[in-house]
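So the chains spell out like this:
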Amino acid sequence: MATLDIRLKRVNKTYHEGEVLAGVVIVQSKTDVQHQGITLTIDGSVNLQLSSKSVGLFEAFYNSVKPIQLLTGVLQVAKPGKFLPGKTEIPFEFPLKAKGSRKLFETYHGVFVNIQYTVRADMKRSLLAKDMTKTVEFIIEYTNKGAKAETKPVPFTITPESLQNVKEVGNKTNQKAALPKFKVRGKLDSSSCCITKPLTGHVIIDECAVPIKSVEIQLVRVETCGCAEGYARDATEIQNIQIGEGDVCRGITIPVHMVFPRLFTCPTVATTNFKVDFEINIVVVMKDDYLISENFPISLCRN
């Protein structure tokens, strides 16, 4: 039984635009392997899709949406012939350069926007043997030579009067007057963040008339897809970190420390067809089914 594999020279599989993707295609078998050639396909694209709630609104976009091709190439690494028993390594190199005037965006795995780079090896076999294929994803990151994230502290104070959207929870009324008395204040150290460094800050519960269940911080991605006919904007949660459990002490400083997860975040990007933004929610859950939340848009970059 023959096996086909791809091994990149870099263990972390992380590259920058302008560098050379290098590695080996490995064919291993205990017997001779007849083949009709091995080709290597390098692909980088942005795949867009609409959420189910937006499909009917933008039918023209939904029918015409196509992947945005960023990187493409095909190499023949082995001509038709035969591999001897054992392990055969075939080296390859491919320059990572975007098509036309485009640039390579960072790898990002989202819900409605997906930026992915892959290298695929295909070994054609005779009619009696099954063709073999192997796909490996590699990561594209921006270089660290861009503009540094400016420190932009964001102080906040949350009270019943400051809430903009008050919704009914359970059997509670939606009037602000019915909300329990509370005051939550704190600060995010910066709304402009380096993706390789944690988001930091603090939260203080000055007062709250009812017991508290939990204090949480949420990281949300906001993905926008569209064209001339219109745009669809969808927000989905990436991660939720509990920074305070139970009825936390009043007046105590609760530190905020959140590491941005790789692949599920990327530097903030905006193009004609799609945008990827990020937001932070500070959430306080109370025991009477009240939930208060403050939203903070943030921008991510790679210093």
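Throughout this document, residue positions are counted from 1 along each chain, in the order its sequence is written. Local features in this predicted model are restricted to residues whose pLDDT is 70 or higher, and side-chain atom pairs enter the listing and the counts only when it is 80 or higher, whereas totals over whole chains, interfaces and linings include all residues. Values shown for side chains rest on all heavy atoms present in the structure; no hydrogens or waters enter the calculation.

- As recorded by an unreviewed UniProt entry, the protein chain carries the name Vacuolar protein sorting-associated protein 26C and is attributed to Holothuria leucospilota.
- Taken directly from UniProt, the Sequence similarities (unreviewed entry) text for the protein chain runs: "Belongs to the VPS26 family."
- Regarding the protein chain, the UniProt comment filed under Subcellular location (unreviewed entry) reads as follows: "Endosome". UniProt positions are given in the numbering used here, feature names are shortened, and annotations may be inferred rather than shown by experiment.

**A look at the overall build of the protein chain**
And then number 1: Helix and strand assignments come from DSSP, with helices taken as H or I runs of at least 4 residues and strands as E runs of at least 2, each series counted from the N terminus. Check the secondary structure of the protein chain and you find one helix and 21 strands.
And then number 2: When the 303 residues of the protein chain are sorted by exposure, 47% land in the buried category.
And then number 3: Contact between two residues is taken to exist if any of their heavy atoms lie within 4.5 Å; hydrogens are not considered. Pairs at least 24 apart in sequence give 72% of the contacts found in the protein chain among residues at least 6 apart. Remark: exposure states derive from per-residue accessible area (1.4 Å probe, protein chains only) relative to the maximum for the residue type, with buried under 20%, exposed over 50%, and partly exposed in between.

**Concerning the pattern of salt bridges**
And then number 1: For this document, the term salt bridge refers to a Lys or Arg side-chain nitrogen within 4 Å of an Asp or Glu carboxyl oxygen. Across all of its chains, the model carries 13 salt bridges by this definition.
And then number 2: A salt bridge links Glu106 to Arg262, with the nearest nitrogen and oxygen atoms 3.4 Å apart. Separated by 156 residues along the polypeptide, Glu106 in the loop between β8 (86-95) and β9 (108-109) and Arg262 in the loop between β18 (253-258) and β19 (269-270) bring together distant segments of the chain.
And then number 3: Judged by its relative accessible area of 28%, Arg262 is partly exposed.
And then number 4: A salt bridge links Glu141 to Arg302; the shortest N-O distance between them is 3.5 Å. With Glu141 in the loop between β11 (132-140) and β12 (154-158) and Arg302 in the segment after β21 (291-301), the pair connects residues that are 161 residues apart, well separated along the chain.

**So, the environment of Phe278**
And then number 1: If you trace the backbone, Phe278 turns up in strand β20 (residues 274-286).
And then number 2: Judged by relative accessible area, which is 1%, Phe278 ranks as buried.
And then number 3: The sequence separation of Phe278 and Val222 amounts to 56 residues, and the corresponding C-alpha distance is 5.7 Å.

**Here's the deal with the nonpolar core**
And then number 1: Within the largest apolar cluster, 82 residues are counted, with the highest numbers of intra-cluster contacts made by Phe138 and Phe274.
And then number 2: Of the residues forming this core, the biggest block, seven residues, is contributed by β20.
And then number 3: Aside from chain neighbours lying at most four places away, what touches Phe138 is Leu8, Lys13, Tyr15, Leu21, Ile42, Leu71, Leu96, Thr107, Tyr117, Thr118 and Val119. Here the nonpolar core consists of buried residues drawn from Ala, Val, Leu, Ile, Met, Phe, Trp, Tyr and Cys, with membership extended through side-chain atoms lying within 4.5 Å.

**A few points about the packing of aromatic side chains**
And then number 1: Here a pair means two rings of Phe, Tyr or Trp (six-membered ring of Trp) with centres within 6.5 Å. Their orientation is stacked below 30 degrees between planes, edge-to-face above 60, and tilted elsewhere. Inspection of the entire model under this criterion finds five aromatic pairs.
And then number 2: Ring geometry for Tyr117 versus Phe138: centroids 6.0 Å apart, planes at 40°, classification tilted. Here Tyr117, found in strand β10 (residues 113-123), pairs with Phe138, found in strand β11; they are 21 residues apart in sequence, far enough to count as distant. In terms of burial, Tyr117 and Phe138 fall into one category: buried.
And then number 3: Between Phe156 and Phe296, the ring centres sit 5.1 Å apart and the planes meet at 50°, which makes this aromatic pair tilted. Of this pair, Phe156 sits in strand β12 while Phe296 sits in strand β21, and the two are 140 residues apart along the sequence.

**Regarding the sheet that holds β8**
And then number 1: Paired strands, as defined in this entry, are two strands with at least two bridges between them according to DSSP. Pairing is antiparallel in the open sheet, where three strands are placed in the order β1-β3-β8. Two strands in the sheet have a free side with no partner beyond their single neighbour: β1 (3-8) and β8. When strand polarity is set aside, the average angle formed by the axes of neighbouring strands in this sheet is 20°.
And then number 2: Looking at chain direction, strand β3 (residues 20-29) and β8 are connected through ten bridges and run antiparallel. When the bridges of β8 are listed, Val20 appears paired with Pro95. Helix axes are fitted only over the stretch in contact, all axes being lines through C-alpha atoms; the angle between N-to-C directions runs from 0 to 180 degrees.

**What about the side chain of Ser191?**
And then number 1: Secondary-structure assignment places Ser191 in the loop between β13 (182-188) and β14 (192-194).
And then number 2: Apart from the residues lying within four places of it in its own chain, the contact partners of Ser191 are Lys152, Val154, Pro297, Ile298 and Ser299.

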